[in-house]
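Residues per chain, in single letters:
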Amino acid sequence: MKTVVANWKMNVGVRESVALARASLLTLRGRKMIPDLVICPPFVALSEVRKVVARSSATLGAQNVFWEASGPYTGETSARMLQESGVTHVIIGHCERRIHLHETDEMVNKKILHALGEQLTPILCVGESKASRDAGEARAIVEAQLSSALRGARLHTQGRLFVAYEPVWAIGTGESAGVGEVIEMHRFIRSVLEHVFPDAHTGQFSILYGGSVDGENAYSFLREADVDGVLVGTASVKINQFKEIIASAAEVLEAQRPT
Ligand code: PGA
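Residues numbered from 1 in each chain as written. Predicted model: local features only at pLDDT ≥ 70, side-chain atom pairs only at ≥ 80, totals over all residues. Heavy atoms only, no water.

Draft legend 1. Structural view of helix H2 (residues 46-53). Buried residues of H2: Leu 46, Val 49, Val 52 and Val 53, and no others. Looking straight down H2, one finds that the buried residues subtend no more than 120 degrees of arc, so they occupy a single side. Turning to H2, the residues buried within the fold contact helix H1 (14-26), strand S2 (36-40), strand S3 (59-62), helix H3 (79-84) and strand S4 (87-92). (Buried < 20%, exposed > 50% of the residue type's maximum accessible area, 1.4 Å probe, protein only. Helix = DSSP H or I, 4+ residues; strand = E, 2+ residues; numbered from the N terminus. Arc of directions from axis to C-beta. Contact = heavy atoms within 4.5 Å.)

Draft legend 2. Seen up close, the layout of surface pockets. Roughly 430 Å³ of volume is contained in the largest pocket. Around the largest pocket, the lining comprises 14 residues; the ones closest to its centre are Lys 9, Met 10, Gln 63, Glu 96 and Arg 97. For the lining of the largest pocket, the element with the highest residue contribution is helix H4 (residues 95-100), accounting for three residues. Grouping the constituent residues of the lining of the largest pocket by class yields six nonpolar, five polar and three charged. (1 Å grid on protein atoms, 1.4 Å probe; cavity = no way out; pocket = protein on both sides within 12 Å on 5 of 7 lines; lining within 4 Å. Points joined across faces, edges and corners; volume = space filled by probe spheres on them. Nonpolar A, V, L, I, M, F, W, Y, C, P; charged D, E, K, R; others polar.)

Draft legend 3. Up close: the packing of aromatic side chains. Scanning all chains against the criterion turns up five aromatic pairs. On the numbers, 4.8 Å between centres and 45 degrees between planes, the contact of Phe 66 with Tyr 73 is tilted. Take Phe 66: its relative accessible area is 9%, and that puts it in the buried class. Consider the rings of Tyr 165 and Tyr 209, whose centres lie 6.3 Å apart with planes at 55 degrees: the pair is tilted. With a gap of 44 residues between them, Tyr 165 in strand S6 (residues 161-165) and Tyr 209 in strand S7 (residues 205-210) connect regions that are remote in the sequence. Across the pair, exposure class does not vary: Tyr 165 and Tyr 209 are buried alike. Taken together through their ring pairs, the aromatic side chains of Phe 66, Trp 67 and Tyr 73 make up a single cluster. The cationic tip of Lys 130 hangs over the ring face of Trp 169; the distance from NZ or CZ to the ring centre is 4.8 Å. (Phe/Tyr/Trp six-rings, centres within 6.5 Å; stacked < 30°, edge-to-face > 60°. Lys NZ or Arg CZ within 6 Å of the ring centre and 35° of its normal.)

Draft legend 4. Looking closely at unusual backbone geometry. Even without being a glycine, His 102 presents a positive backbone phi close to 55 degrees. By the secondary structure assignment, His 102 is in the loop between H4 and helix H5 (105-117). Phi angles above zero are rare outside glycine, and Ser 212 is one such case at about 60 degrees. Its place among the elements puts Ser 212 in the loop between S7 and helix H9 (218-222).

Draft legend 5. Spotlight on the environment of Tyr 219. By the element assignment, Tyr 219 lies in helix H9. For Tyr 219, a relative accessible area of 28% gives the class partly exposed. Spatially, the C-alpha atom of Tyr 219 lies 10 Å from that of Gly 229, the residues being ten residues apart in sequence. For Tyr 219, the residues in contact, after removing those within four places along its chain, are Ser 248, Glu 251 and Val 252.

Draft legend 6. Quick look at the nonpolar core. Val 4, Leu 37, Leu 124, Leu 146, Leu 150, Ile 189 and Leu 193 are the most contacted members of the largest nonpolar core, which totals 68 residues. Here this core takes six residues from helix H8 (residues 179-196), the largest share from any one element. In this structure, Val 38, Ile 91, Phe 162 and Ala 164 belong to the second largest nonpolar core, which totals ten residues. (Core = buried A, V, L, I, M, F, W, Y, C linked by side-chain atoms within 4.5 Å.)

Structure representation (structure tokens):
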């Protein structure tokens, strides 16, 4: 299977989110094979987008979660509250939060533990900076992010974990990573996950690529067996681009279908 995660970030309000959700779902229409689509609108639009998504195969994701179940945490939202809003997936550790809100590896870890404990599927974002890649430290950075984010984590037999490899230098820049770089890092991430969760089966992990995925390059990533899907920001709010991404995923799935 292939998954397409649409991370709308803080780019659309409630009304625009509803319209974009409808338009995004239309891109699935009439296709024999469709990817799993996870739509992550801003928090304020979750309940309205939920109504649109409810009539489809798509699921709802949140862009963040707090690590406590309830309490005096002004402005925060727990996993259970998200579930009540129909959310099944949650993006954790996105580099924009690490950069602008100083989210640390320790905070990311607490969020992962909380989400998994409440049966929400985390979409854990990891990725190196340009300087780290140039210094040949990309793997070491990703490994350190994974091991600290997943410290103490347990995956139930039915549990799922998504990891999005998102090199910081590729996010919102129009400069995506090379397919070779992505394959190499995805294989490495899978090996780390197998080490961290020795009892899990491979179907419990999905490794996505994110960073300037658009209508033109999506196919080159999605056709790779090591790429379980894509996490799309900028192009997910541009419906023509998004349509191309869904078409690419559908084409790959069609080609893989046993005859
Ligand atoms: P982008 O963002 O597609 O705009 O590069 C990806 C992301 O931030 O998840």
